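Read off the chains here:
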Amino acid sequence: MQRRKFVMGSAAVLGAAVLGRGAWASVPKPYRWDAAPPIDSAADGADYVKWMVENRGESPKYLGMRWKRYQVLVKNKDLWRDADKRAFLLVPREEFTLKRNLARAYDNAFLDIGYGVTISGPHLVGRMTSAIDVKFGEKVLEVGTGSGYQSAYLANLTDKVWTVEIIKPLAGRTRGVYDDLIARGYSEFKSIKTKSADGYYGWEEAGPFDKIIVTCGIDHVPPPLLQQLKVGGIMVIPVGPPGAQRVLRVVKEKAPDGSITITRSDLYNGRIVPFVPFTKIEGDVIKGTHNK
Ligand SMILES: C[S@@+](CC[C@H](N)C(=O)[O-])C[C@H]1O[C@@H](n2cnc3c(N)ncnc32)[C@H](O)[C@@H]1O
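What counts, and at which threshold
- Residues numbered from 1 in each chain as written.
- Predicted model: local features only at pLDDT ≥ 70, side-chain atom pairs only at ≥ 80, totals over all residues.
- Near = placed C-beta within 6 Å.
- Helix = DSSP H or I, 4+ residues; strand = E, 2+ residues; numbered from the N terminus.
- Nonpolar A, V, L, I, M, F, W, Y, C, P; charged D, E, K, R; others polar.
- Pairing = 2+ DSSP bridges.
- Expected span 1.5 Å × (residues − 1).
- Buried ≥ 20, exposed ≤ 12 C-beta atoms within 10 Å, placed from the backbone.
- Axes fitted to C-alpha atoms, helices over the stretch in contact; angles between N-to-C directions.
- Parallel < 35°, antiparallel > 145°, perpendicular 65-115°, else oblique.
- Left-handed = near helix turned anticlockwise from the far one by under 90°.
- Contact = placed C-beta atoms within 7 Å.

Chemist: So what exactly am I meant to see when it comes to the site of the ligand here?
Modeler: The full set close to the ligand counts 25 residues, and Gly144, Gly146, Ser147, Gln150 and Gly199 are the nearest of them. Of all the elements in the fold, those that place two or more residues in the shell around the ligand are strand S2 (118-119), helix H6 (149-154), strand S4 (160-165) and strand S10 (279-282). A breakdown of the residues in the shell around the ligand according to their chemical character gives 13 nonpolar, nine polar and three charged.

Chemist: I tried to follow the pairing of S10 on my own but got confused; where do I start?
Modeler: Each regular strand carries side chains that alternate between the two faces of the sheet. Direction of pairing for S10 relative to strand S11 (residues 285-289): antiparallel, over a ladder of three bridges. When the bridges of S11 are listed, Glu282 appears paired with Val285. Hairpin connection, S10 to S11: the antiparallel pair is bridged by two residues, and Gly283 has positive phi, about 65°.

Chemist: Before we go on, may I ask you to explain helix H7 (residues 168-183) in this structure?
Modeler: Side chains of residues three or four places apart in an α-helix project in the same direction, reflecting 3.6 residues per turn. Look at H7: 23 Å from first C-alpha to last across 16 residues, which is about the 22 Å you get at 1.5 Å a residue. If you check which residues of H7 are buried, you get Leu170, Ala171, Arg173, Thr174, Arg175, Gly176, Val177, Tyr178, Asp180 and Leu181. Where H7 terminates, the next one or two residues include Gly185, which has phi positive at roughly 115°.

Chemist: How do you make sense of the packing of helix H2 (residues 46-56) against helix H3 (residues 60-75) when you look at a structure like this?
Modeler: In a pair of packed helices, the angle between the axes and the distance between the axes together describe the arrangement. Viewed as axis vectors pointing N to C, H2 and H3 meet at an angle of 135°, and their least axial separation amounts to 10 Å. Classed by the angle they form, the pair H2 and H3 counts as oblique. Crossing hand, H2 versus H3: right-handed. For the pair H2 and H3, contact is made by Tyr48, Val49, Met52 and Val53 and by Pro60, Leu63, Gly64 and Trp67, respectively.

And the structure:
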């Protein structure tokens, strides 16, 4: 495997100090949308690890952890289609966790990422992403970039991803993580457009979107997000009172009489899944939430 030293930008240097990132170029083969690692979850994972080492140059240690978590996700029906399975298996979650949490990168748990927020657990990310059924070429918006893991996952399903984060220094740090990974050969992350803003208002200039995924909890579906969702589009969003949200799948459709209908279903059959709050900006300051 060829190794190449790279120069990191300042946000990347800052991020590398806290995140579990390596210091060398690591992807030996160019990304291909038609290439996939073995996905047979009944296997022992040896073929998967071999394929990933040859094609992606990643560490067998984390690949083994990823494979084990993958088997549980498949058993638990958190990954619905082969495309979702491929995306989970291709994303190096360890690159998006804090150094001190590296050993827990594949735990079924949310983990602290600093700034009082978290990276969601792999089962939740798997199920929420499966529920929006992303197809190649579709435009997807994420509200709540956080660590960057969710959008990295989306970038293995489509080549058009937008993500918004309200905490400016976190948005900058995560931009650095993507730039660093791109420099190391993860060219699929070039398709992720990032910005720091209040995601309640979506990303109007880039919309409308085929799919929207919201990773912070709120007591209603933000009207601007519904507006920026295409007819036929799907959104997943945690809705409910603070700390007691239910993860909803919201579908926007056109009825035969031309009127727009919104249907909602619960991804966990009524189970409560607590999320980081959907906060808002007043002036330059994050203050309170968008709850009514
Ligand atoms: C559960 S965490 C991040 C999960 C993230 N998707 C990941 O992969 O790490 C939710 C994120 O939503 C962000 N957030 C909260 N309110 C927001 C808003 N109004 N606009 C944009 N991001 C917001 C938080 O700062 C936090 O980073």
